[in-house]
Amino acid sequence: MHIRLLQAADHTEYTQLWIYALTEQQTYFRVALEDDAQPRIPTRFTAESFTLGAFIGTQLVGTVSLDRETRFKTRHKAVLLRMFVHPAATGQGVGKALVQETLNLAGNINGLRQVYLTVLATNPRAIGLYAAMGFSQFAQEPGSVYINGEYVDELQLVCFLAK
Ligand SMILES: CC(C)(COP(=O)(O)OP(=O)(O)OC[C@H]1O[C@@H](n2cnc3c(N)ncnc32)[C@H](O)[C@@H]1OP(=O)(O)O)[C@@H](O)C(=O)NCCC(=O)NCCS
C-alpha cells in the first residue's frame with residue numbers, strides 16, 4: 001500500500017470510490033449522493049487544501065481530505081473530511097496511515113494549530129481510529145444528521161498539532 005496526493009487527473013477514480021461509499025455505506029456520512037451525484041475531489045490541490053489517496057497496486061482503496069480555513073481569524077484551523085477506506089482494504093492500517101500522513105502534512109503548514117472533524121456517534125470504528133490518532137471530543141450535536149428516518153448525533157473532535 002502506498003499513499004500519495006491526488007491530482008486533478010485522479011478525479012474519475014475518486015468519483016468512482018465516492019459513489020461506492022455513498023451508495024453502499026451511506027449511513028456513515030453526513031453527505032449524500034443526493035447532494036452531488038458526481039462527487040469530485042473536494043480540495044484545491046494546494047499544500048493547504050489537499051486530498052490523499054491510498055493505493056494497493058494501482059487501485060485507489062482509500063482517501064481523506066484536509067482543508068484549511070481561509071478566513072483571517074480562523075486560519076489556525078483545518079478540517080479533515082471525506083474519510084473512506086473500501087471494505088476490501090479495511091482493518092489493515094490504511095485508515096491510520098491516511099490520518100497519520102494528513103497530520104504530518106498539516107504539521108508542515110505554517111500557522112496551522114489544530115485539525116478538527118465531525119463523526120457520527122453511531123460510527124465506533126471511525127471514532128476508535130480518530131481517538132488512536134490523537135483526536136479528542138469537544139462537543140456532541142444532538143440530532144445533527146437525518147439518515148434513514150432517524151436523527152443521529154454528531155461528535156466534534158479536535159487534534160492539536162505538536163509544534
Ligand atoms: C473507519 C475506517 C476509515 C477505518 O479504516 P481502516 O483502514 O479499517 O482503519 P485501520 O485499519 O487503519 O485502523 C483501525 C483502527 O481503528 C480503530 N478501530 C477499528 N475497528 C474498531 C472498532 N470496531 N471499534 C473501535 N475502534 C476500532 C482502532 O483504533 C484500529 O486500530 P488498531 O487496529 O491498531 O487497534 C473505515 O472502516 C471506513 O472507511 N469506514 C466507512 C466510512 C467511515 O466511517 N468514514 C469515516 C467518516 S467520519
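Everything discussed here concerns the structure shown above.
Residues numbered from 1 in each chain as written. Predicted model: local features only at pLDDT ≥ 70, side-chain atom pairs only at ≥ 80, totals over all residues. Heavy atoms only, no water.

Pairing of side chains with opposite charge becomes possible as their charged atoms draw close. Following the criterion strictly, the structure yields five salt bridges and no others. Here Arg30 makes a salt bridge to Glu154, at a shortest N to O gap of 2.6 Å. In this pair, Arg30 is assigned in the loop between helix H1 (11-24) and strand E2 (49-56) and Glu154 in strand E7 (residues 150-160), connecting sequence segments 124 residues apart. A salt bridge links Arg75 to Glu48, with the nearest nitrogen and oxygen atoms 3.9 Å apart. Of this pair, Arg75 sits in the loop between strand E3 (59-68) and strand E4 (77-85) while Glu48 sits in the loop between H1 and E2; the two residues are 27 residues apart in sequence, bridging distant segments of the chain. Taken together, the shared-partner salt bridges connect Glu48, Arg68 and Arg75 into one network. (Salt bridge = Lys/Arg side-chain N within 4 Å of Asp/Glu carboxyl O. Helix = DSSP H or I, 4+ residues; strand = E, 2+ residues; numbered from the N terminus.)

For the rest of this paragraph, the subject is the packing of helix H2 (residues 94-107) against helix H3 (residues 124-132). Here H2 crosses H3 at 45 degrees, and the two axes come no closer than 10 Å. Relative to H3, H2 is oriented oblique. In this structure, the crossing between H2 and H3 has a hand that is right-handed. Within the contact between the two elements, H2 uses Gly95, Lys96 and Val99 and H3 uses Leu129, Tyr130 and Ala132. (Axes fitted to C-alpha atoms, helices over the stretch in contact; angles between N-to-C directions. Parallel < 35°, antiparallel > 145°, perpendicular 65-115°, else oblique. Left-handed = near helix turned anticlockwise from the far one by under 90°. Contact = heavy atoms within 4.5 Å.)

A word on the site of the ligand. By nearness alone, 23 residues border the ligand, and Val85, Gly91, Gly95, Lys96 and Asn123 come closest of all. For the ligand, an oxygen atom lies 2.6 Å from a polar atom in the side chain of Lys96. When the free accessible area of the ligand is taken as 960 Å², the share hidden by the protein chains comes to 73%. When atoms are counted within 2 Å of each cavity's grid points, the one that captures over half of the ligand is the largest pocket. No other element matches H3, which puts seven residues into the shell around the ligand. (Near = heavy atom within 4 Å. Polar contact = N/O pair within 3.5 Å; in protein donor to acceptor, adjacent residues only side chain to side chain. Areas by Shrake-Rupley, 256 points an atom, 1.4 Å probe, with all protein chains shown as cover. 1 Å grid on protein atoms, 1.4 Å probe; cavity = no way out; pocket = protein on both sides within 12 Å on 5 of 7 lines; lining within 4 Å. Sits in = over half its atoms within 2 Å of the grid points.)

Turning our attention to the nonpolar core. Side chains of nonpolar character tend, in soluble globular proteins, to be buried together. Of all hydrophobic cores here, the largest spans 30 residues; its most connected members are Leu80, Met83, Leu98, Val99, Val115, Tyr130 and Phe135. Only E2, E3, E4, H2, strand E5 (114-120), H3 and E7 provide two or more residues apiece to this core. If we ignore the near neighbours within four places in the chain, the residues touching Val99 are Leu80, Met83, Leu129, Tyr130, Met133 and Phe135. Residues Leu6, Leu17, Ala21 and Leu22 belong to the second largest nonpolar core, which totals eleven residues. (Core = buried A, V, L, I, M, F, W, Y, C linked by side-chain atoms within 4.5 Å. Buried < 20%, exposed > 50% of the residue type's maximum accessible area, 1.4 Å probe, protein only.)

Another point: unusual backbone geometry. The backbone of Phe45 sits at a positive phi, close to 60 degrees, despite the residue not being glycine. Here Phe45 shows up in the loop between H1 and E2. Judged by relative accessible area, which is 34%, Phe45 ranks as partly exposed. At Arg82, a position not held by glycine, the phi torsion is positive, near 50 degrees. One can find Arg82 in strand E4. Of the residues examined, Arg82 reaches a relative accessible area of 22% and is grouped as partly exposed.

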